[in-house]
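Topology and contacts: notes
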Amino acid sequence: MLADAALVLRPTSSARRARARLVVGLAWLTLLIALVPLVAIAGYLIANGVGVLSPAFLLEDPPGDLSAVGGGIRNALFGTIEMTGTAVAIAVPIGLLIAVFNAEIGGRLAVGVRFIVDVVAALPSIVVGIFVYEVVVVAQGHFSGLAGSVALAVIMLPLIVVSTEEMLRLTPRPVAEAVRALGLSRWRSYASVLIPTAFSGIVTGVLLAISRAVGETAPLIFTALGNNFFSADLGEPMQALPLLIYRNALNSAFPAARDRAMGAALVLVALVLALNVLGRWIVARRQLTGR
Amino acid sequence: MPIMAPTGDGRLPLAAPREPIIRLADVNAYYGTRLAVRDVSMEIRPNAITAIIGPSGSGKSTLLRCIDRMHEIVPHARVTGRIEYRGIDIYDDAVDPAAVRRSIGMVFQQPNPFPTMSIADNVSAPARFNGLVRGKGVERDLVERCLRAAALWDEVKDKLQQSGSSLSGGQQQRLCIARALAMAPDVLLMDEPCSALDPVATLQVEQLMLELKRAYTIVIVTHNMQQASRVSDRTAFFTLGEDGAGHLVEEGPTGQIFTAPRERLTEDYISGRFG
């Protein structure tokens, strides 16, 4: 049945156009509101932190007395990179294996595993710290960078499992069928086809997990503890950027400590940003060449 | 196993019709409790193209997927009855489904090259993973041989390191055929291999099938009756029964099925009086 053309094509009423403008305006407004804290934090950090930055700030250790002027954040920057790197080395293989188990084997056990993973993801990070304190620090008899790495790995693990499993489930069905029809072993299927196919998504998930772990303070307080001196030994207490920011910000009555906290916070944000850019670059390059 | 027959001269003579290579006896295929294919018994002859035709839902693809044990990868899907490949019951507990799939290759409706692999790797990697080839030189030879056999070599020889997904649909399908050939199967199952291709690419794949049947046994599921009559030696006609399950109506030489079918159902379908 044909509709009446005059009815269908009648000009949009001005009331309707006004409503449309109102809704679009509201969308813009909420966007701006959402951007306010982001811009404010970035602006505040840059305003207060840029002046502090210098090569020496990155390459020197802080003074023993944090109210003293000078020194840098070398130990914390190095500690953050080393502990996060170790945490990645622990969490990525375990996370991939759990995700493959859930996606491939499935069944009732996988439902249980998924439940546990969700519970771990929901744990307050301070509780993760207490857990690792009990399991690693007490067993070792002292605080250590290793304990901090384990704590960060526990933080990262559920994020990696969930995102990887999700990506493996999104494997295009034709690719999944080709793998089966060629009679490849399960190990080969995952190592050579299914994980590479999901690579972009897995990298994104791992990067999100790293970004989360890099900024964690609570799980490090009674695992890595912190260290005023430089240490690359995972067996020793180790400094990290969030710990340094925390201790210096607590003493921000001293201008030197406040400046150090601001500079370190800016470095931390830049580090996370750089990681994300790196990840996007890896993903984009891979998609371009298809390899 | 000298399985690969390159196009051109120096080929093995056509094998005389021998024992059937695959025998199906009372095959039923289920999805959960739903019967999708009922009671199929038929034989598939070597070095010939067998076409499976019939309306949508008549269980053609499902039956095809029973032959290389791909049906069972669908959750809750199962098969009863007996399927023999060269006298071996492929559903025997002692038989590894992966081994069945290595001997019986499959080409799908949607071309499915591995998106993260180069054209060359798409061909050689699965064969390498299954231990069929070792060494760079051997692999290069395999890639060239299979791409030639799939009539794709001339189009891709200068870009073997590019991604397989950079090819056109018809090229991708021939790449998938080359990949299947690299596994040195002796049966090739093709599930509507041309339905996603344009007429030119379809013709290329059909010519390729005619070449390949000298060395392989081919079973093709197709919606396209002209295609079946053009390429196949034997045709099996399936239909959808009143019970909702597909079943075999009749099977015979393609010429006979298309000109003098024994069954009324076949005749109606062939002449377009169906549904």
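Quantities reported herein were computed from a predicted structural model and do not represent experimental measurements.

About the cut-offs
Residues numbered from 1 in each chain as written. Chains lettered and ligands numbered in written order. Predicted model: local features only at pLDDT ≥ 70, side-chain atom pairs only at ≥ 80, totals over all residues. Helix = DSSP H or I, 4+ residues; strand = E, 2+ residues; numbered from the N terminus. Rg over C-alpha atoms; globule rule 2.2 N^0.38 Å. Buried ≥ 20, exposed ≤ 12 C-beta atoms within 10 Å, placed from the backbone. Contact = placed C-beta atoms within 7 Å. Nonpolar A, V, L, I, M, F, W, Y, C, P; charged D, E, K, R; others polar. Core = buried A, V, L, I, M, F, W, Y, C linked by C-beta atoms within 7 Å. Pairing = 2+ DSSP bridges. Axes fitted to C-alpha atoms, helices over the stretch in contact; angles between N-to-C directions. Parallel < 35°, antiparallel > 145°, perpendicular 65-115°, else oblique. Left-handed = near helix turned anticlockwise from the far one by under 90°. pLDDT = per-residue confidence, 0-100.

If you tally the helices and strands in chain B, you get ten helices and ten strands. The C-alpha atoms of chain B give a radius of gyration of 18 Å, which matches the 19 Å a tight globule of 275 residues would have. Over its C-alpha atoms, taken along the principal directions, chain B stretches across nearly 55 × 40 × 35 Å. Per-residue burial for chain B yields a buried fraction of 47% across its 275 residues. Within chain B, contacts between residues separated by at least 24 positions form 69% of all contacts whose residues are at least 6 apart in sequence.

By a frequent convention, interface size equals the accessible area lost on bringing the separate parts together. With 19 residues of chain A at the contact, the number on the chain B side is 23 residues. For the side of chain A that touches chain B, the secondary structure elements donating two or more residues are helix 8 (173-181) and helix 9 (186-197) of chain A. Per element, the largest residue contribution to the side of chain A that touches chain B is six residues, and it comes from helix 8 of chain A. Here the residues of the side of chain A that touches chain B sort into nine nonpolar, six polar and four charged.

Before going further, it helps to examine helix 3 (residues 119-129) of chain B. Residue and element names in this part refer to chain B. The buried fraction of helix 3 is high, at ten of eleven residues. For helix 3, every residue scored as buried is listed here: Ile 119, Ala 120, Asp 121, Asn 122, Val 123, Ser 124, Ala 125, Pro 126, Ala 127 and Phe 129. Downstream of helix 3 by a residue or two, Gly 131 has a phi angle that is positive, lying close to 75°.

In this structure, Met 156, Leu 241 and Ala 264 of chain A together with Cys 146 and Ala 178 of chain B are the most contacted members of the largest nonpolar core, which totals 149 residues. With 16 residues, helix 7 (residues 145-169) of chain A is the largest single contributor of residues to this core.

Right, let's talk about the pairing of strand 9 (residues 234-240) of chain B for a bit. Residue and element names in this part refer to chain B. Most of strand 9 sits out of view: six of its seven residues are buried. In the sheet, strand 3 (residues 49-53) pairs with strand 9 via four bridges, with the strands oriented parallel. Following the sheet pairing, Ile 53 is matched in strand 9 by Phe 237. Both strand 9 and strand 10 (residues 246-253) contribute to a ladder of seven bridges, which runs antiparallel. Paired with Thr 235 across the strands is Gly 252, a residue of strand 10.

All names here are of chain B. At a minimum axis distance of 9 Å, the contact between helix 6 (residues 169-182) and helix 7 (residues 199-212) shows a crossing angle of 20°. Overall, the two elements helix 6 and helix 7 adopt an arrangement that is roughly parallel. The handedness of the crossing between helix 6 and helix 7 is right-handed. Between helix 6 and helix 7, the contacting residues are Gly 169, Gly 170, Gln 173, Arg 174 and Ile 177 on the first element and Ala 201, Gln 204, Val 205 and Leu 208 on the second. For the contact of helix 6 with helix 7, the per-class residue count stands at four nonpolar, four polar and one charged.

Let us look at unusual backbone geometry. All names here are of chain B. At Arg 86, a residue that is not glycine, the phi angle is positive and equals roughly 50°. Along the chain, Arg 86 falls in the loop between strand 4 (77-85) and strand 5 (88-89). Non-glycine residue Glu 192 carries a positive phi angle of around 45°. Looking at the secondary structure, you find Glu 192 in the loop between strand 7 (187-191) and helix 7.

This part is about the confidence of the model for chain A. Summing up the model confidence of chain A, the mean pLDDT is 91 and the portion of residues at 70 or higher is 96%. For chain A, the element scoring lowest by mean pLDDT is helix 1 (residues 5-8) of chain A, at 68; helix 7 of chain A scores highest, at 96.

Another aspect to go through is helix 1 (residues 60-67) of chain B. Within an α-helix, residues lying three or four positions from one another point in the same direction, as the helix has 3.6 residues per turn. All names here are of chain B. Counted residue by residue, helix 1 has eight buried out of eight residues, so it is predominantly covered. By the burial criterion, the buried members of helix 1 are Lys 60, Ser 61, Thr 62, Leu 63, Leu 64, Arg 65, Cys 66 and Ile 67. At the C-terminal side of helix 1, Arg 69 shows a positive phi close to 60°.

Another aspect to go through is the environment of Pro 253 of chain B. All names here are of chain B. Turning to its location among the elements, Pro 253 is positioned in strand 10. Sequence separation between Pro 253 and Asp 233 is 20 residues, and the spatial gap between their C-alpha atoms is 5.9 Å. What Pro 253 contacts, discounting residues up to four positions off in sequence, is Asp 233 and Arg 234.

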